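If you want the building blocks of each chain, they are given just below.
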Amino acid sequence: MKLYACQACGQLLLFENTRCERCGQRLGYLPETNVVLAVEPDGAAFRPLTEQKRRFRFCANAAHGACNWLVGVESADEFCLACRHNNTIPDLDTPQNLARWQTLEIAKHRMVYSLVRLGLPLKNREDDPEHGLEFDFLADKKGAPRVLTGHDNGSITIALTETDPSERERMRVALGERYRTLLGHFRHEVGHYFWNVLVRDGGKLGACRALFGDDTQDYSEALKRHYQHGAPADWQVCFISAYATSHPWEDFAETWAHYLHIVDTLETASAFGLRVQAKVSKGEELRATIDFDAYEAGPFGPLIESWLPLTFAVNSLNRSMGQPDLYPFVLSPGVIEKLGFIHDLVHGPTTGPHSVTEQPEPVSPVLVSP
């Protein structure tokens, strides 16, 4: 995530800022240029301080404190690029739902930021009524089955209970997970969507199966087997998480989520000018200078070469504060190979040893996260 500066006073700004903490200037994010603009009212619209010609209005969800993105006045859209993907939001007449929805939107907007930065196709249900990406933010109802977070052919459901830190931690412990966050959910579930878009519909089924396994195996039975017997003892040799072992679709989605973790965190580290230079032992150093744009196309090697020293450093800092590791995962050579596949899939055609004869297209999966 980039850092920004107030165009009125130069104060450091973060992605979610709606007003400058120093000068009070109103702020809005413009996704097409990846900039936080200082704006001032101009009739019914807003005018950027740095640009005289264009005029903007805020996304309709700004009225609820749920969005700070801008829309050009020439657009017929009421909502911004991120909020056009919302299909269902919680009932805002219910106490606490507004705060919970606002929390969901923070994570969703950060996820959409990454997809835009990577130049990935983002069709909503108006663009593609059958397969466009949409979000349903649902609350549990008394007497009804609990809402499960999951993906179904472009429709992503996020359970409102995930916004409760205590409930999320309870589920993390119950399921034996090392990590459970709202942003992680969004990144995982959108991985299923892009499996459809980039793998199934992008002609990469064979290449993906050669690395992640046969996705035609029964998904429901695979999950049942996983919850009954758990992951293999040696799962860390080839998988980023125990849950990734349950089915190739879940392996792909878990790996996709971690790829987004890596590029976004590296961008943040670069924005802060972070450098790691630790003397591990005599004659050896653990070092990384993060001075590149992790979202740009190029070899995957420099990303992973910087990521490993960075995670070692931040995990050590967390431990010094009595906190759990910020990134509690092991990146084995097998996992790094899968991350490299995602990198190639995002930035261009996959070439090399993973190319195999394509196989018939499978049925679109209906996927539910634990």
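Cut-offs applied
- Residues numbered from 1 in each chain as written.
- Predicted model: local features only at pLDDT ≥ 70, side-chain atom pairs only at ≥ 80, totals over all residues.
- Heavy atoms only, no water.
- Helix = DSSP H or I, 4+ residues; strand = E, 2+ residues; numbered from the N terminus.
- Rg over C-alpha atoms; globule rule 2.2 N^0.38 Å.
- Buried < 20%, exposed > 50% of the residue type's maximum accessible area, 1.4 Å probe, protein only.
- Contact = heavy atoms within 4.5 Å.
- Areas by Shrake-Rupley, 256 points an atom, 1.4 Å probe, with all protein chains shown as cover.
- Lys, Arg positive; Asp, Glu negative; His and termini not counted.
- Charge placed at Lys NZ, Arg CZ, Asp CG, Glu CD.
- Expected span 1.5 Å × (residues − 1).
- Bend = angle between axes of the 7 residues up to and from the residue.
- Polar contact = N/O pair within 3.5 Å; in protein donor to acceptor, adjacent residues only side chain to side chain.
- Axes fitted to C-alpha atoms, helices over the stretch in contact; angles between N-to-C directions.
- Parallel < 35°, antiparallel > 145°, perpendicular 65-115°, else oblique.
- Left-handed = near helix turned anticlockwise from the far one by under 90°.
- Salt bridge = Lys/Arg side-chain N within 4 Å of Asp/Glu carboxyl O.
- Core = buried A, V, L, I, M, F, W, Y, C linked by side-chain atoms within 4.5 Å.
- Phe/Tyr/Trp six-rings, centres within 6.5 Å; stacked < 30°, edge-to-face > 60°.
- Pairing = 2+ DSSP bridges.
- pLDDT = per-residue confidence, 0-100.

Examining the overall build of the protein
Along the backbone of the protein there are eight helices and 14 strands. Compactness check: the protein gives a C-alpha radius of gyration of 21 Å against a globular reference of 21 Å for 370 residues, within 12% of the reference. Split into buried and exposed, the 370 residues of the protein put 47% on the buried side. Put simply, 58% of the contacts in the protein that link residues at least 6 apart link residues at least 24 apart. On the protein, roughly 17,800 Å² of surface is accessible, and the fraction owed to carbon and sulfur atoms is 53%. Averaging the locations of the 36 positively and 48 negatively charged side chains of the protein gives two centres separated by 5 Å.

Here's the deal with the environment of Arg26
By the element assignment, Arg26 lies in strand β3 (residues 26-30). The exposure class assigned to Arg26 is partly exposed, which follows from its relative accessible area of 25%. Discounting residues that sit within four places of it in the chain, Arg26 has contacts with Thr18, Arg19, Leu37, Ala38, Val39, Phe46 and Phe58.

Description of helix α3 (residues 182-200)
It helps to recall that an α-helix has 3.6 residues per turn; residues three or four apart then point in one direction. Counted at 1.5 Å a residue, the expected span for α3 with its 19 residues is 27 Å, and the 26 Å between its end C-alpha atoms agrees. By the largest-angle criterion, Phe194 marks the main kink of α3, which is about 35 degrees. Between the side-chain oxygen of the N-cap and the backbone nitrogen of Gly184 there are 2.8 Å, and the N-cap of α3 in question is Thr181.

A few points about the side chain of Thr245
Secondary-structure assignment places Thr245 in the loop between α5 (219-229) and α6 (248-271). When near neighbours in sequence (up to four residues on either side) are disregarded, Thr245 contacts His226, Ala231, Pro232, Trp235 and Phe239.

Re the packing of helix α1 (residues 97-117) against α3
Contact geometry of α1 with α3 gives a least axis separation of 9 Å together with a crossing angle of 45 degrees. In terms of axis orientation, α1 runs oblique to α3. Taken as a pair, α1 and α3 cross one another with a handedness that is right-handed. Residue-level contacts link Thr103, Leu104, Ala107, Lys108, Arg110, Met111, Ser114 and Leu115 of α1 to Leu182, Leu183, Phe186, Arg187, Val190 and Phe194 of α3.

Details of the pattern of salt bridges
All chains considered together, the criterion is met by 20 salt bridges. Ionic pairing is found between Asp42 and Arg55, a salt bridge with its closest N-O pair at 2.4 Å. With Asp42 in strand β4 (residues 35-42) and Arg55 in the loop between β5 (45-48) and β6 (56-58), the pair connects residues that are 13 residues apart, well separated along the chain. Glu74 is the partner of Arg54 in a salt bridge, and the nearest nitrogen-oxygen pair spans 3.1 Å. Of the two residues, Arg54 is situated in the loop between β5 and β6 and Glu74 in the loop between β7 (70-72) and β8 (86-88); the sequence distance between them amounts to 20 residues. One connected set of salt bridges, linked through shared partners, spans Glu32, Arg54 and Glu74.

Brief notes about the nonpolar core
Soluble globular proteins: nonpolar side chains tend toward being buried together. Val190, Phe252, Trp256, Tyr259 and Phe341 are the most contacted members of the largest nonpolar core, which has 80 residues in total. Setting aside residues up to four positions removed in sequence, Val190 forms contacts with Met111, Leu115, Leu133, Ile156, Trp256 and Leu260. Ranked by size, the runner-up nonpolar core spans seven residues in total, among them Leu30, Leu37, Val39 and Phe46.

As for the packing of aromatic side chains
Here the structure, examined in full by the defined rule, presents 22 aromatic pairs. Note on Trp307 and Tyr327: the rings are 5.0 Å apart at their centroids and 80 degrees apart in plane angle, and the pair reads as edge-to-face. Of this pair, Trp307 sits in helix α7 (residues 301-320) while Tyr327 sits in the loop between α7 and α8 (333-347), placing them 20 residues apart in sequence. Just as Trp307 is buried, Tyr327 falls in that class too. In this structure an aromatic cluster arises from ring pairing among Tyr4, Phe15, Tyr29, Trp69, Tyr113 and Tyr295.

Some words on the environment of Phe194
Tracing the backbone shows Phe194 in helix α3. In the structure, Phe194 is positioned 184 residues away from Gly10 in sequence and 38 Å away in space, judged by C-alpha atoms. Setting aside residues no more than four positions away along its own chain, Phe194 makes contact with Leu115, Leu120, Pro121, Val199, Phe252 and Trp256.

Re the pairing of β4
As judged from the five bridges shared by β3 and β4, these two strands associate in the antiparallel manner. Paired with Tyr29 across the two strands is Val36, which belongs to β4. Once β3 ends, the chain turns through four residues before running back antiparallel as β4, passing Asn34 with a positive phi of about 50 degrees. Hairpin connection between β4 and β5: a loop of two residues separates the two successive antiparallel strands, and Gly43 in this loop has a positive phi of roughly 70 degrees.

Topic: the confidence of the model for the protein
Looking at the protein, pLDDT values average 92 and 94% of them are 70 or higher. Counted against residues more than four places away or in other chains, residues 350-366, with its pLDDT under 50, gives 45 contacts.

As for helix α4 (residues 205-212)
Of all eight residues making up α4, seven are buried, and the element is well covered by its neighbours. Every buried residue of α4 is accounted for by Leu205, Gly206, Ala207, Cys208, Arg209, Leu211 and Phe212. Positive phi shows up at Gly213, right after α4, with a value of about 110 degrees.

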